[in-house]
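For reference, the chains in residue letters:
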There are 2 protein chains.
Amino acid sequence: MLREYKASIFQALAHPTRIAIVEVLREGEVSARAIQDRLGIEQANLSQHLAILRSRQIVAHRKEGNQVFYSLRHRVLGKVLDLMRQYFQANLADAAQMLDEVRAERPAR
Amino acid sequence: MLREYKASIFQALAHPTRIAIVEVLREGEVSARAIQDRLGIEQANLSQHLAILRSRQIVAHRKEGNQVFYSLRHRVLGKVLDLMRQYFQANLADAAQMLDEVRAERPAR
DNA sequence: TGCGAATATTCGGATAATCGAATATACTAA
DNA sequence: TTAGTATATTCGATTATCCGAATATTCGCA
């Protein structure tokens, strides 16, 4: 039950684009358009990823006129990302090798 | 690049069974068989999940005779799970509702 | 009113994840 | 060697995720 919840949060973060979104939002409230510009991705694609983050209640959104501003609901998630960075650095050598292997399995995206 | 790595770790944790495995391993080194008994899942299924955790270097394994003992490579991951629990409790009401919704989308597993 | 910008949703195809069943491998002990 | 236990791998079917293209929706402004 708690595990299912945790899994659903991890799953929401299990995509490079969504991690990038969360990292942008750590700076504060940002409009969808601004996120799109900064990440340089398709509008529809961003919107889909935002929908996932919304459905997990990871982000809050607020409409203002034409735009929608997104923000992180809880700074704990930022901390989680920091811990991951720590984890990454502690395993730097292994991690680089692991990434290669993971990529080798499904090449050329 | 760093994001891809983080995403791959999150993805490895994005399953209730694998979270359960990590939680068992927080206690120390445990044999595959013991994990299987505690979780009450199919042998093949456990082995598949362990393979994923291995491929991400989340767990270490050590053969001893007939058995294979698994352990967490890095306790930071335990901390991440703790943060998640914190996060869960801070959002308890919302989280419960969110879980219902997530489950409603793909019912009856 | 009608147009354009910002955002969301739907659709279809491609790829990936998941499971149990079957099978393979490795080791121990008789 | 043979039997039995522990673990891993492969296979095929089912379900989920991902993307871009197309389409909707919502709002502000001329």
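In what follows, the structure referred to is the one given above.
A brief report on the enclosed structure follows.

Cut-off values and rules
- Residues numbered from 1 in each chain as written.
- Chains lettered and ligands numbered in written order.
- Predicted model: local features only at pLDDT ≥ 70, side-chain atom pairs only at ≥ 80, totals over all residues.
- Heavy atoms only, no water.
- Pairing = 2+ DSSP bridges.
- Helix = DSSP H or I, 4+ residues; strand = E, 2+ residues; numbered from the N terminus.
- Near = heavy atom within 4 Å.
- Polar contact = N/O pair within 3.5 Å; in protein donor to acceptor, adjacent residues only side chain to side chain.
- Nonpolar A, V, L, I, M, F, W, Y, C, P; charged D, E, K, R; others polar.
- Contact = heavy atoms within 4.5 Å.
- Buried area = accessible area lost by both parts, 1.4 Å probe.
- Salt bridge = Lys/Arg side-chain N within 4 Å of Asp/Glu carboxyl O.
- Axes fitted to C-alpha atoms, helices over the stretch in contact; angles between N-to-C directions.
- Left-handed = near helix turned anticlockwise from the far one by under 90°.
- Least-squares fit on C-alpha atoms with pLDDT ≥ 70 in both.
- Core = buried A, V, L, I, M, F, W, Y, C linked by side-chain atoms within 4.5 Å.
- Buried < 20%, exposed > 50% of the residue type's maximum accessible area, 1.4 Å probe, protein only.

1. Some remarks on the pairing of strand β2 (residues 59-64) of chain B
Residues and elements named next belong to chain B. Bridge analysis of β2 against strand β3 (residues 67-72) gives six bridges, and the strand direction is antiparallel. The partner of R62 across the bridge, within β3, is F69. Turn length for the β2-β3 hairpin, with the two strands adjacent in sequence and antiparallel, is two residues, and the turn residue G65 shows positive phi of about 60°.

2. Notes on the protein's contact with DNA strand D
Taken together, 25 residues surround DNA strand D, and among them Q48 and H49 of chain A together with R33, Q43 and Y70 of chain B come closest. Among atoms of DNA strand D positioned within 4 Å of the protein, sugar and phosphate together represent 62%. Between DNA strand D and H15 of chain A, the relevant distance is 3.2 Å, taken from a phosphate oxygen to a side-chain nitrogen or oxygen of the residue. In this structure, R18 of chain A approaches DNA strand D through a side-chain N or O atom, which is 3.2 Å from a phosphate oxygen. Contributions of two or more residues to the surface near DNA strand D are made by α4 (43-55) of chain A together with α3 (32-39), α4 (43-55) and β3 of chain B. Its residues placed into classes, the surface near DNA strand D shows six nonpolar, 13 polar and six charged.

3. Let's talk about the sheet that holds strand β3 (residues 67-72) of chain A
Strand pairing in a sheet relies on backbone hydrogen bonds, with the paired strands running either antiparallel or parallel. Spatially, three strands are ordered β1-β3-β2 (chain A) in an open sheet, and the strand pairing comes out antiparallel. Each having just a single partner strand, β1 (30-31) and β2 (59-64) of chain A make up the two edges of the open sheet.

4. Comments concerning the interface of chain B and chain A
Taken residue by residue, the interface counts 43 residues in chain B and 43 residues in chain A. A buried area of about 4,600 Å², summed over both sides, lies between chain B and chain A, and 72% of it is on carbon and sulfur atoms. Together, Y5, F10 and Y87 of chain B form the three largest contributors to the area buried by chain B at its contact with chain A, with a combined 18%. Counting across the interface, chain B meets chain A through four salt bridges. The partner of R3 of chain B in a salt bridge is E23 of chain A, and the shortest N-O contact between them spans 2.8 Å. Our count for the contact surface shared by chain B and chain A stands at five residue pairs in polar contact (both at pLDDT 80 or more). For the side of chain B that touches chain A, the secondary-structure elements that each account for two or more residues are α1 (2-13), α2 (16-25), α5 (76-90) and α6 (92-105) of chain B. Here the side of chain B that touches chain A is composed, by residue class, of 25 nonpolar, eight polar and 10 charged.

5. Notes on the packing of α3 of chain B against α4 of chain B
Residues and elements named next belong to chain B. As a packed pair, α3 and α4 sit with axes 10 Å apart at the nearest point and diverge in direction by 115°. With respect to the hand of their crossing, α3 and α4 are arranged in right-handed fashion. Contact residues: A32, I35 and Q36 in α3; Q43, L46 and L50 in α4. In terms of residue class, the contact of α3 with α4 is built from four nonpolar, two polar and no charged.

6. Topic: the relation of the copies chain B and chain A
Look at the two chain copies: a rotation about an axis and a shift along it is all it takes to match them. In the superposition of chain B on chain A (RMSD 0.1 Å, axial shift 0.0 Å), the rotation amounts to 180°. Expressed as a symmetry operation, the mapping of one chain copy onto the other fits a two-fold axis. For chain B, the smallest separation between a C-alpha atom and the rotation axis is recorded for F10 of chain B, amounting to 2.6 Å. Both copies share a contact surface, since 100% of the interface residues of chain B are interface residues in chain A too.

7. Examining the nonpolar core
Counting 59 residues, the largest nonpolar core has F10, I35, I58 and V80 of chain A together with F10, I35 and I58 of chain B as the members making the most contacts within it. Excluding anything up to four places from it in sequence, V80 of chain A contacts F10, V80, L83 and M84 of chain B.

8. A few points about the environment of I19 of chain B
Relative to the helices and strands, I19 of chain B resides in helix α2. Expressed as a C-alpha distance, the spacing of I19 of chain B and L81 of chain B, which sit 62 residues apart in the sequence, is 8.5 Å. If we ignore the near neighbours within four places in the chain, the residues touching I19 of chain B are R3, K6, A7 and F10 of chain A together with L13 and L81 of chain B.

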